[in-house]
Amino acid sequence: SYVLVKAAAGFDHHELVGRIQESTGLRARTRDDFSLATKDYFVRVSGVVARIWFMVGIGVAVGACVSGLLLFMFTNENARYYAVFKALGAGNRIVVAMVVAQALVAGLAGFCLGVGASSLMGLIVKSPAMPYTLTPSTLLFTGVTVLVVMVFAAALSSLKVVGLEPGRVFSS
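Residues numbered from 1 in each chain as written. Predicted model: local features only at pLDDT ≥ 70, side-chain atom pairs only at ≥ 80, totals over all residues. Heavy atoms only, no water.

**Q** Provide a residue-level description of the overall build of the protein chain, including the pertinent values.
**A** Helix and strand content of the protein chain: 6 helices and 0 strands. Over its C-alpha trace the protein chain gives a radius of gyration of 28 Å, far above what one expects of a compact globule, namely 16 Å for 172 residues. Seen through its principal axes, the protein chain has C-alpha atoms that stretch 95 × 25 × 25 Å. A total of about 12,800 Å² of accessible surface is found on the protein chain, and carbon and sulfur atoms cover 69% of it. (Helix = DSSP H or I, 4+ residues; strand = E, 2+ residues; numbered from the N terminus. Rg over C-alpha atoms; globule rule 2.2 N^0.38 Å. Areas by Shrake-Rupley, 256 points an atom, 1.4 Å probe, with all protein chains shown as cover.)

**Q** Tell me about the packing of helix 4 (residues 79-87) against helix 5 (residues 92-125), and please be specific about residues and values.
**A** The interhelical angle for the contact between helix 4 and helix 5, taken along N-to-C directions, is 145°, at an axis separation of 9 Å. Taken as a pair, helix 4 and helix 5 cross one another with a handedness that is right-handed. Contact with helix 4, carried on its side by Tyr82, Phe85 and Lys86, involves Asn92, Val95, Met98, Val99 and Gln102 of helix 5 and no other residues of that element. Residues of the contact of helix 4 with helix 5, tallied by class, amount to 5 nonpolar, 2 polar and 1 charged. (Axes fitted to C-alpha atoms, helices over the stretch in contact; angles between N-to-C directions. Left-handed = near helix turned anticlockwise from the far one by under 90°. Contact = heavy atoms within 4.5 Å. Nonpolar A, V, L, I, M, F, W, Y, C, P; charged D, E, K, R; others polar.)

**Q** Got a sec to walk through the layout of surface pockets? Specific residues and values, please.
**A** For the largest pocket, the calculated volume is near 1,300 Å³. For the largest pocket, the lining is made up of 33 residues, of which Val56, Val60, Ser118, Thr138 and Thr142 are closest to its centre. Within the residue set of the lining of the largest pocket, elements represented by two or more residues are helix 3 (48-77), helix 5 and helix 6 (136-162). No other element matches helix 3, which puts 11 residues into the lining of the largest pocket. Here the residues of the lining of the largest pocket sort into 20 nonpolar, 13 polar and no charged. Every residue lining the second largest pocket is counted, 21 residues in all, and those nearest its centre are Val3, Leu4, Val5, Arg29 and Thr30. Going through the elements one at a time, helix 1 (13-24) and helix 2 (31-45) are the ones with two or more residues in the lining of the second largest pocket. (1 Å grid on protein atoms, 1.4 Å probe; cavity = no way out; pocket = protein on both sides within 12 Å on 5 of 7 lines; lining within 4 Å. Points joined across faces, edges and corners; volume = space filled by probe spheres on them.)

**Q** Explain helix 5 residue by residue, including any values.
**A** The end-to-end C-alpha distance of helix 5 is 49 Å, a good match for the 50 Å that 34 residues give at a rise of 1.5 Å each. Taken together, the buried positions of helix 5 are occupied by Val95, Val99, Ala103, Gly107 and Gly122. Turning to helix 5, the residues buried within the fold contact helix 3, helix 4 and helix 6. (Expected span 1.5 Å × (residues − 1). Buried < 20%, exposed > 50% of the residue type's maximum accessible area, 1.4 Å probe, protein only.)

Rendered as structure tokens:
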């Protein structure tokens, strides 16, 4: 429990805190100190922030797996067309560049759509009880995560197209 005290105009808050602690033996805090202690409680003691990070981590992991799998499936289903390019004389470098370009376009489109949808949802649900802030560090973390996922997906898909035989075009 706590008691709120309002200082008289022009009275130093830190001096008031010291006088309250001296006279009562109780802990006193300024508004900023109380706000920081409340934040620290939720971050370090309550476990709410850890649960949110856990849920976000699961979402990132599932999203990364789905994104990578979709690019690989697209590459696998269109392997015949990559084989055509190889049969026409395109080297592995060109075919891999095509896969990497697809991964980058898909990643950039997904990043832009995700940030746009998140911003729009933030505008819709933003209230004093539920603040929404899209910080540069969040954008950077998201962008790096998308880039890493796309690099791995492109690498996995590139292994598939590098191993293609151009003669596959002429079978079945």
